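# Observations on the three-dimensional arrangement
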Amino acid sequence: MTSDVMTLTASAPWLEVDALIDDPGTRIVVCCGAGGVGKTTTAAALGVRAAERGRKVVVLTIDPARRLAQSMGISELDNVPRQVKGVDEAAGGELHAMMLDMKRTFDEIVEGHADAERARAILENPFYQSLSAGFAGTQEYMAMEKLGQLRAGDAWDLIVVDTPPSRSALDFLDAPKRLGSFLDGKFIRVLMAPAKVGGRAGMKFLNVGMSMMTGTLSKLMGGQLLRDVQTFVAAMDTMFGGFRTRADATYRLLQAPGTAFLVVAAPERDALREAAYFVERLAAEQMPLAGLVLNRVHGSGADQLSAERALAAAEALTESCADRPAEEPGPATGGAADGGAVDASPDGDPNSPPYGAGSPPAENLGPDGIVDLAAGKTGSRTPGGPSPAAAAEHTASPSTSAAHLAAGLLRLHAERMQVLARERRTRDRFTALHPEVPVAEVAALPGDVHDLAGLRAIGDRLALRPGEADG
Amino acid sequence: MSRLHVVSGKGGTGKTTVAAALALALATEGRRTLLVEVEGRQGIAQLFETEALPYEERKIAVAPGGGEVHALAIDAERALLDYLQMFYKLGGAGRALKKLGAIDFATTIAPGLRDVLLTGKACEAVRRKDKSGAFVYDAVVMDAPPTGRITRFLNVNDEVAGLAKIGPIHNQAQAVMRVLKSPETAVHLVTLLEEMPVQETADGIAELRAAGIPVGGVVINMTRPALLDNGDLEVAARGARAGIAKALSQAGLGGARRGGLAERLIDPLLEQAREHAERVELERAQYAELTALGLPTYELGLLPEGVDLAGLYGLARDLRRQGPI
Ligand SMILES: Nc1ncnc2c1ncn2[C@@H]1O[C@H](COP(=O)(O)OP(=O)(O)OP(=O)(O)O)[C@@H](O)[C@H]1O
Ligand SMILES: Nc1ncnc2c1ncn2[C@@H]1O[C@H](COP(=O)(O)OP(=O)(O)OP(=O)(O)O)[C@@H](O)[C@H]1O
Ligand SMILES: [Mg+2]
Ligand SMILES: [Mg+2]
C-alpha cells in the first residue's frame with residue numbers, strides 16, 4: 001500500500017481534446033467504455049464543443065437519458081439527425097444529433113436489400129422480429145451500420161459516436177462480427193436446404209443426417225417454429241453476404257486514420273481494468289486510440305489538508321461542543337483521532353479500514369504542512385494530536401453552531417480526500433500499465449448533466465490540462 | 001415468503017453485489033441458498049474470490065450460523081444440451097447439433113429461447129426436492145440482466161409464444177411462467193440515488209407489473225451519509241465565516257485571521273459543502289421518487305474501499321437487519 005502511494009508521480013501524457021476535435025483530419029470520434037461511465041455524456045459534450053468551435057458535427061447517441069435527449073430535441077426515435085437548437089453557431093459550425101433506433105435501422109437494411117414482397121415477408125416473420133428487437137449484439141451492429149451510413153453520406157465534418165450500454169466496451173467491436181458469422185454459419189445453410197427445395201422432390205436431396213437433425217429440431221421447437229426459421233432464413237438468404245460485407249466495411253472504417261477512439265472510464269478499479277483491456281484490444285485491431293477520458297474525477301481546493309488531520313480536528317471540535325458549557329476543551333485528543341476515523345466509516349461497514357489506513361503519515365504533512373504562519377505557531381502536530389487548548393489561548397471560543405459546522409466541513413473534506421486518494425491510486429495503476437495513453441480528466445459535477453449548459457461545462461473540463469494543482 | 005429472488009437494476013448499480021449479499025443473508029440460521037448468474041460473466045466467482053464457476057452447483061460460502069451459499073453459472077448452451085439429453089436421450093445427435101452451430105443458433109437467434117432455458121434452470125432449482133420431500137434450496141437468488149431487459153427476460157412466455165406455439169419449448173415456457181408469476185417469485189431492483197437509475201427503476205417496475213410479474217423491494221445501494229445539510233449551509237451563508245475560522249483555528253488548523261491558514265481553508269471547504277448540499281438535495285428528491293413507488297426499500301451504504309469478502313458479509317448483515325426481503 002505504501003508503495004502505491006509513493007508512486008503517485010507517474011504522469012500520463014495529456015489528451016488534448018481541442019486539438020483532436022479541431023483537426024479537420026478527424027472525421028469520426030468513437031466514445032467507448034463500460035456501462036454507465038459517461039459515454040453518452042462525453043459524446044454529446046464533444047459534439048457541442050466541436051460545433052461551437054466551428055465544425056459541422058453529427059452526434060449519434062444511443063439510449064441517452066431522457067432529459068438529455070429532450071434538451072437536445074431528439075426525444076423522438078426517427079433515426080434521422082436533427083439540428084440542435086441553442087448551439088452557438090458563430091464560428092460557422094452546427095450540431096445535429098440523433099438517437100439510434102435499432103429496429104428501424106435493421107428494417108431499413110432489409111427494405112434496401114430486398115424487393116417489396118420479400119421485405120414484407122421478412123419484416124413480418126416472428127424470427128426476424130425477435131432478432132431485430134433483441135439479439136444480443138443487434139444494437140452494436142446497428143450502431144456500426146448507422147455510422148457507416150452517416151460516413152458514406154459525407155455531409156459532416158465530424159461524426160461523434162456513442163456506443164451501446166453494454167457491460168463491456170469490447171462488445172462494440174465483437175458483437176457485429178458475432179452477428180455476421182452467425183448469420184453466415186453452417187447451421188443456417190442446413191436449415192435453408194429443406195426450404196429451398198421446398199415442395200418439390202425435396203427431401204431426397206437431404207442426407208439422412210440432416211433429416212434427423214431437422215426432425216429433432218422440429219420435435220424440440222415444434223414444427224411451426226422450424227418452418228418460421230426456415231422461411232426467415234430463406235428470405236434473408238440474399239442478404240447474409242451483404243451483412244458481412246457491410247460489417248467488414250465498417251470495421252475497416254474504424255481502422256482508418258480519420259477515426260479516433262476515446263475510452264471513457266470512471267476512476268474506479270473495474271472501469272479502469274475494463275479500459276485497459278480495451279486499450280490493448282484496440283492496439284491488436286490496429287484501431288487508432290486517441291486517449292482515455294477519466295470521467296467524474298474529484299478534486300479539492302483544500303487538498304493540502306489531509307483526511308487524517310481534518311478528521312482529528314473535526315473530532316476535537318465535536319468534543320469541545322459536547323463539553324460545553326464546560327470552559328476547557330476536552331483534553332483527550334489522542335483518542336479523538338481514532339474516534340473520528342471510526343465515526344466516518346459508514347455504518348454497516350465495520351470491516352473496512354478506518355480512514356487513512358492506506359496512507360503513510362509522510363503524505364499527511366505535505367511540504368507546506370499545516371503551519372500557522374499568522375500566529376507564528378508551528379502546526380506540525382501529529383495527526384492525532386491537535387491542540388485545541390493551545391489554539392484557544394489566542395482565539396475567543398467560537399460559537400457552538402460554528403464549531404459544529406466547522407466539524408461538519410472537516411468531515412466532508414476528509415471524505416473528499418479519501419475519494420481523491422482512491423481515485424488517484426486507480427488512475428496511477430492504469431498509467432503504470434499504459435504510460436503511453438494520453439489522459440483527459442473531467443471533474444464530477446455535483447448534479448446530473450442534462451442540458452446544453454451542462455454539456456458545455458463537461459466540454460470545458462474535457463479540454464483542461466489535467467491536475468497541475470495535484471502534481 | 002418468496003423463494004426465487006431475482007435481482008435486477010441499471011447496469012453497474014450493484015446487482016451482482018446485492019444478489020450475493022442477499023444469498024448470504026437468506027442463508028443464515030442453517031439455511032441453504034443457491035446464487036445463480038445467467039450472463040456468463042463470472043461475477044460471482046470474482047466477488048467470492050474463487051476460480052471461475054463451472055456449470056455445476058457448488059458451495060462457495062458459509063453464512064453465519066452454519067448456512068450455506070451454493071452458486072451456479074447457468075450457461076444457455078449447456079442447459080439446452082442437458083435438456084435435450086433429459087427429454088430425448090440425444091447423446092450423439094446433441095453433439096452433432098452443437099457442431100453445426102444449431103445450439104448456438106437456437107440460443108442466440110431467439111432471445112426468448114435462450115431466456116426460457118436460463119429461467120427454466122433457475123425454476124427447476126427452486127422446485128427441486130430431496131428424497132424426504134423437502135426443498136433442496138430454501139431460496140434461489142438470481143443475479144439477473146439489467147432493468148432494461150428484465151421484463152423481456154422473465155416474460156419468456158410472451159417471447160416464446162410467438163415463436164413456439166406447441167412442443168416442448170412451449171410447455172417449458174408455460175411451466176416457467178407459472179413459477180415466475182406466482183408469489184414464490186420476487187423481483188428486486190437495485191438503484192443508486194441518481195436520476196437515471198431511479199428513472200429506470202420506476203420504468204422497470206411499471207413494466208414488470210404490467211407483465212404480471214411480482215415485484216419485491218427496492219435496494220438503494222451505495223448510500224452516503226449526509227454530513228451537512230442546508231441548515232448548516234444557511235448558518236455558513238449568514239456570515240458565520242469568522243466563527244468557522246475561529247473553530248478551525250481552535251482545532252489546530254492554523255490562524256483565523258485574514259490570510260491565516262484556517263481562514264484560507266474556508267472558501268474551499270464551503271465550496272465542497274455547497275456541492276455536497278446540492279448532491280444531498282438531488283438524492284433527497286430521488287429518494288422521494290423511490291418511496292412514492294410504494295415498495296419496501298432497503299439501504300446499503302457505500303463501502304469506501306470497495307467490496308471485498310468482509311464487506312460483502314457486512315452488506316448481508318445490513319440487509320438482514322432491515323427485515324425480511
Ligand atoms: N462528469 C460528470 N459529472 C456528473 N455527472 C455525470 C458526469 N458524466 C456523466 N454524468 C452522469 O452520469 C450518468 C451516466 O452518464 P451517461 O449516460 O453518459 O453514461 P453512459 O456511459 O452513456 O451509460 P450507459 O452505459 O448506460 O449508456 C448520467 O446521469 C450523467 O448525467
Ligand atoms: N455498497 C457498495 N459499496 C461500494 N462499492 C460497491 C457497493 N456495491 C457495489 N459496489 C461496487 O460497484 C461496482 C459495480 O457493482 P456490481 O458489479 O455488483 O454491479 P452490477 O449491477 O452487477 O454491474 P453490471 O451491470 O456490470 O453487472 C463493483 O465494483 C462493486 O464492487
Ligand atoms: Mg449511454
Ligand atoms: Mg453484475
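So, a few notes on the structure that sits alongside this text. (Residues numbered from 1 in each chain as written. Chains lettered and ligands numbered in written order. Predicted model: local features only at pLDDT ≥ 70, side-chain atom pairs only at ≥ 80, totals over all residues. Heavy atoms only, no water.)

### Notes on the sheet that holds strand β1 (residues 28–32) of chain A
All names here are of chain A. Under the convention used in this document: Whether two strands pair depends on DSSP finding at least two bridges between them. Working definition: helices are DSSP H or I runs of at least four residues, strands are E runs of at least two. Numbering for both runs from the N terminus. What makes two residues a contact is simply this: any of their non-hydrogen atoms within 4.5 Å. To get an axis, a line is fitted to the C-alpha atoms, and for a helix only the part in contact is used. The angle between two axes follows their N-to-C directions and goes from 0 to 180 degrees.
Taken in spatial order, the eight strands of this open sheet run β3-β4-β2-β5-β1-β6-β7-β8, and their pairing is mixed. What marks the edges here is a single partner per strand, and that holds for β3 (82–83) and β8 (439–443). In the sheet, β3 pairs with strand β4 (residues 94–99) via two bridges, with the strands oriented antiparallel. Residue Arg-82 lies in a different strand from β4, and its bridge partner there is Ala-97. Packing of helix α8 (residues 138–153) onto the sheet brings it into contact with β1, β2 (56–61), β4 and β5 (158–162), and relative to β2 it is tilted by some 165 degrees. The sheet contacts of helix α19 (residues 452–463) involve β7 (289–297) and β8, and relative to β8 the element is tilted by about 140 degrees.

### Some points on the site of ligand 1
Our working definition: Residues are classed as near a molecule or strand on a simple rule: at least one heavy atom within 4 Å of it. Residues adjacent in sequence count toward polar contacts only when both atoms are side-chain atoms; beyond that, a polar contact is any pair of N or O atoms within 3.5 Å, and within protein one must be able to donate a hydrogen and the other to accept it.
In the vicinity of ligand 1, 20 residues are found, and the nearest of them are Gly-36, Gly-38, Lys-39, Thr-40 and Thr-41 of chain A. At the site occupied by ligand 1, nearby residues are drawn from chains A and B. Here Arg-296 of chain A contributes a side-chain N or O atom positioned 3.0 Å from an oxygen atom of ligand 1. Take Leu-445 of chain A: an N or O atom from its main chain is 2.8 Å from a nitrogen atom of ligand 1.

### Describing the site of ligand 2
Counted only if it meets this: Each accessible area is a Shrake-Rupley result for a 1.4 Å probe, and residues are judged covered by the shown protein chains and nothing else. For this classification, Asp, Glu, Lys and Arg are treated as charged, while Ala, Val, Leu, Ile, Met, Phe, Trp, Tyr, Cys and Pro are nonpolar and the rest, including Gly, are polar.
Lining the immediate environment of ligand 2, one finds 16 residues, of which Gly-12, Lys-15, Thr-16, Thr-17 and Leu-303 of chain B sit closest. Residues lining ligand 2 come from chains A and B. Here an oxygen atom of ligand 2 sits 2.8 Å away from a polar atom, N or O, in the main chain of Gly-12 of chain B. Measuring from a nitrogen atom of ligand 2, one finds a backbone N or O atom of Leu-303 of chain B at 2.8 Å. Notes on ligand 2: free accessible area 620 Å², of which the protein chains cover 82%. Elements with a minimum of two residues in the shell around ligand 2: α1 (15–26) and β7 (215–223) of chain B. If you tally residues by element for the shell around ligand 2, the top one is α1 of chain B, at three residues. Residue composition of the shell around ligand 2, grouped by class: four nonpolar, eight polar and four charged.

### Some words on the packing of aromatic side chains
Our working definition: Two rings from Phe, Tyr or Trp (for Trp, the six-membered ring) form a pair when their centres sit within 6.5 Å of each other. Planes less than 30 degrees apart are called stacked, planes more than 60 degrees apart edge-to-face, and all others tilted. Exposure classes here rest on a 1.4 Å probe applied to the protein chains alone. A residue is buried below 20% of its type maximum, exposed above 50%, and partly exposed in between. Consider the ring centre and the ring normal. A charge sits over the ring if Lys NZ or Arg CZ is within 6 Å of that centre and within 35 degrees of that normal.
Applying the stated rule across the entire model yields two aromatic pairs over all chains. Where Phe-106 of chain A meets Tyr-128 of chain A, the ring centres are 5.2 Å apart and the plane angle is 75 degrees; that geometry is what we call edge-to-face. Separated by 22 residues along the polypeptide, Phe-106 of chain A in helix α5 (residues 102–113) and Tyr-128 of chain A in helix α7 (residues 126–134) bring together distant segments of the chain. The burial state of Phe-106 of chain A is the same as that of Tyr-128 of chain A; both residues are buried. Sitting over the face of the ring of Trp-156 of chain A, Lys-56 of chain A holds its NZ or CZ atom 5.3 Å from the ring centroid. The ring of Phe-135 of chain B has Arg-3 of chain B sitting right over it, with the charged end atom 3.5 Å from the ring centre.

### Quick look at the packing of α5 of chain A against α8 of chain A
Residues and elements named next belong to chain A. Quick note on the threshold: Crossing handedness is read from the near helix: turned anticlockwise from the far helix by less than a right angle, it gives a left-handed crossing, and turned clockwise, a right-handed one.
The contact between α5 and α8 brings their axes to 9 Å, and the two run at 65 degrees. For α5 against α8, the interelement crossing comes out left-handed. The segment α5 lies against α8, with Met-102, Thr-105, Phe-106, Glu-108 and Ile-109 engaging Thr-138, Gln-139, Tyr-141, Met-142, Glu-145, Lys-146 and Gln-149.

### Overview of the environment of Val-293 of chain A
All names here are of chain A. Inspection of the secondary structure puts Val-293 in strand β7. The exposure class assigned to Val-293 is buried, which follows from its relative accessible area of 0%. Each C-alpha atom of the pair Val-293 and Leu-462 lies 7.8 Å from the other, and the pair is 169 residues apart in sequence. Apart from residues lying up to four places away in sequence, Val-293 is in contact with Leu-15, Thr-42, Leu-262, Val-263, Val-264, Ala-265, Ala-440, Val-442 and Leu-462.

### Remarks on the packing of helix α18 (residues 400–433) of chain A against helix α13 (residues 261–291) of chain B
Basically, it comes down to this: Should an angle fall under 35 degrees it is taken as roughly parallel, and over 145 as roughly antiparallel, whereas 65 to 115 is taken as roughly perpendicular and any remaining angle as oblique.
It is the contact of α18 of chain A with α13 of chain B, at a shortest axis distance of 9 Å, that shows an interaxial angle of 80 degrees. One way to sum up the angle between α18 of chain A and α13 of chain B is to call them roughly perpendicular. Where α18 of chain A abuts α13 of chain B, its residues Leu-409, Leu-410, Leu-412, His-413 and Arg-416 of chain A lie against Leu-269, Leu-270, Gln-272, Ala-273, Glu-275 and His-276 of chain B. For the contact of α18 of chain A with α13 of chain B, the residue count by class is six nonpolar, three polar and two charged.

### Structural notes on the sheet that holds strand β5 (residues 139–143) of chain B
Residue and element names in this part refer to chain B. Pairing is mixed across the open sheet formed by eight strands, whose spatial order is β3-β4-β2-β5-β1-β6-β7-β8. Both outer strands of the open sheet, β3 (58–63) and β8 (297–301), are each paired with one neighbouring strand and no more. Taking each pair of neighbouring strands and ignoring which way they run, the sheet shows an average axis angle of 25 degrees. Looking at chain direction, strand β1 (residues 4–9) and β5 are connected through four bridges and run parallel. Across the sheet, residue Leu-4 finds its bridge partner in β5, namely Val-140. α13 contacts β6 (185–191), β7 and β8 of the sheet and is inclined by roughly 165 degrees relative to β7.

### As for the pairing of β1 of chain B
For a regular strand, the rule is simple: side chains alternate between the two faces of the sheet. All names here are of chain B. Within β1, six of the six residues are buried, leaving the element largely enclosed by the surrounding structure. Residues Leu-4, Val-6 and Ser-8 of β1 are buried on one face, and the alternating residues His-5, Val-7 and Gly-9, pointing to the opposite face, are buried as well. In this sheet, β6 lies alongside β1 in parallel orientation, the contact comprising six bridges. Residue pairing across strands places Leu-4 opposite Thr-185, the latter belonging to β6.

### Topic: the nonpolar core
As a reminder, the rule being used: Note on terminology: a nonpolar core comprises buried Ala, Val, Leu, Ile, Met, Phe, Trp, Tyr and Cys residues joined through side-chain atoms within 4.5 Å.
Formed by 97 residues in total, the largest nonpolar core has its most connected members in Leu-173 and Leu-292 of chain A. The residues touching Leu-173 of chain A, leaving out its near neighbours within four places in the chain, are Met-144, Tyr-251, Leu-254, Phe-261, Phe-278, Arg-281, Leu-282 and Met-287 of chain A. Leu-154, Leu-180, Val-218 and Leu-290 of chain B belong to the second largest nonpolar core, which has 48 residues in total.

### Some points on the environment of Ile-244 of chain B
Residue and element names in this part refer to chain B. Considering the arrangement of structural elements, one finds Ile-244 in helix α12 (residues 241–250). Since its relative accessible area comes to 1%, Ile-244 is described here as buried. On a C-alpha basis, the gap between Ile-244 and Ala-262 in space is 8.7 Å, while along the polypeptide they are 18 residues apart.

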